[in-house]
Amino acid sequence: MTKLNKHIDELIVRVLSEDCTSEDKRDLNAWLEQSEENSRYYKQMQKVWINSRGLESFRSVDVMSDFNEFKTRVGMQPKVVQLSLKRTIMKIAAVMVPAIMLLAGYSLYQSVPGFGKWQSFATVNDTDEIILIDHSEVTLNTNSSLVYQKDFKGKERRLKLKGEAYFKVAKNPEKPFIVKVGKTEVKVLGTEFNLDENSDGSVYLAVTEGKVLFSANNEKTHVVAGEQAVFKDGTIRKSSLASDNCIAWKTGSIVFENATLSEVLETVLDHFNEVETIVNNSTETNLSMTSRFNNPSLEDVLVELRIHFKKKVEINDNKLIISD
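Draft legend 1. The nonpolar core, seen in detail. Core analysis: the largest hydrophobic core is formed by 30 residues, its most contacted members being Leu161, Phe167, Phe177, Phe193, Leu195, Leu205 and Phe214. Setting aside residues no more than four positions away along its own chain, Leu195 makes contact with Leu161, Gly163, Glu164, Ala165, Phe167, Val179, Val181, Val186, Val203, Tyr204 and Leu205.

Draft legend 2. The side chain of Asp134, seen in detail. Residue position: Asp134 is located in the loop between strand E2 (128-131) and strand E3 (137-140). Since its relative accessible area comes to 16%, Asp134 is described here as buried. A polar side-chain atom of Asp134 sits 2.8 Å from a polar atom in the side chain of Ser136.

Draft legend 3. Structural view of the packing of aromatic side chains. By the definition in use, this model includes five aromatic pairs. Measuring from ring centre to ring centre gives 6.1 Å for Phe167 and Phe177, while their planes differ by 70°; the resulting arrangement is edge-to-face. Taken together, the residues span a long stretch of sequence, with Phe167 in strand E6 (residues 164-168) and Phe177 in strand E7 (residues 177-181) at a distance of ten residues. Each member of the pair Phe167 and Phe177 is classed as buried. Here Phe256 and Phe293 contribute two aromatic rings whose centre-to-centre distance is 6.2 Å and whose plane-to-plane angle is 80°, an arrangement assigned as edge-to-face.

Scoring rules and cut-offs
- Residues numbered from 1 in each chain as written.
- Predicted model: local features only at pLDDT ≥ 70, side-chain atom pairs only at ≥ 80, totals over all residues.
- Heavy atoms only, no water.
- Core = buried A, V, L, I, M, F, W, Y, C linked by side-chain atoms within 4.5 Å.
- Buried < 20%, exposed > 50% of the residue type's maximum accessible area, 1.4 Å probe, protein only.
- Contact = heavy atoms within 4.5 Å.
- Helix = DSSP H or I, 4+ residues; strand = E, 2+ residues; numbered from the N terminus.
- Polar contact = N/O pair within 3.5 Å; in protein donor to acceptor, adjacent residues only side chain to side chain.
- Phe/Tyr/Trp six-rings, centres within 6.5 Å; stacked < 30°, edge-to-face > 60°.

Printed below as a string of structure tokens:
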């Protein structure tokens with residue numbers, strides 16, 4: 001390997017710091033003309049120099065260790081560098097250490113909620129509502145969280161959901177509203193829908209107004225008002241939305257219109273945290289239930305269930321047991 005290649009990093013630093021001779025410039029230009037790889041390497045170094053100029057955070061740092069780590073991260077090809085001048089080492093530190101700090105800061109800005117680009121919103125025991133900068137409204141169910149781009153700059157409005165939430169999206173055809181939940185993604189321009197992620201990884205989507213694009217893996221489907229879609233076991237299944245009881249957690253209203261026993265039990269399981277599992281040991285019945293509740297307790301609904309279906313209903317250790 002030539003002496004020029006061994007000392008190319010030192011040479012670049014001297015030229016960028018304008019502490020170089022005319023011979024240094026000639027040597028660098030000659031090296032740049034040797035290959036496109038050399039030119040790309042220099043442009044990367046130049047970009048780092050420009051972005052980190054003026055920062056002074058290099059004292060008490062393992063300069064060469066950080067320098068090599070930085071080159072690995074940005075994809076620079078390793079170079080053998082022999083540096084003997086303390087002044088030159090400090091110049092490299094002055095460039096590279098702040099650059100690493102910039103990269104770390106940029107990473108935090110891009111990915112950590114509350115640090116820069118992203119903001120977070122979460123609930124524990126109560127539901128809560130937030131109005132985003134675009135005037136979209138999001139209501140979070142209990143034990144749910146939302147991470148979203150603080151200013152919605154760019155071509156998209158991006159959010160990440162864990163748990164359950166109801167979205168009332170402000171219409172903007174030029175900037176799609178995209179919610180990532182689990183392994184699925186919902187893309188809309190302006191509409192209303194409910195999203196619920198279960199502990200088993202399944203995701204339930206119910207559209208109450210407009211149209212959304214629901215996707216998972218390589219599968220995509222449009223879901224319109226009055227329809228629901230479920231992502232489970234790696235596939236999406238779409239069906240009619242039987243009722244608005246999927247958002248009873250938000251509205252407080254539960255309505256049954258000629259509902260079967262299984263439909264009532266499904267709503268009970270979804271709406272009441274006191275019920276974790278349901279065991280139905282009863283025989284099939286053709287009876288149905290028509291009733292309306294406003295902010296009911298679990299017992300309010302169970303009383304009606306017993307009357308309409310003529311079943312024995314009891315709850316034991318968060319398990320709802322149905323028998324004849």
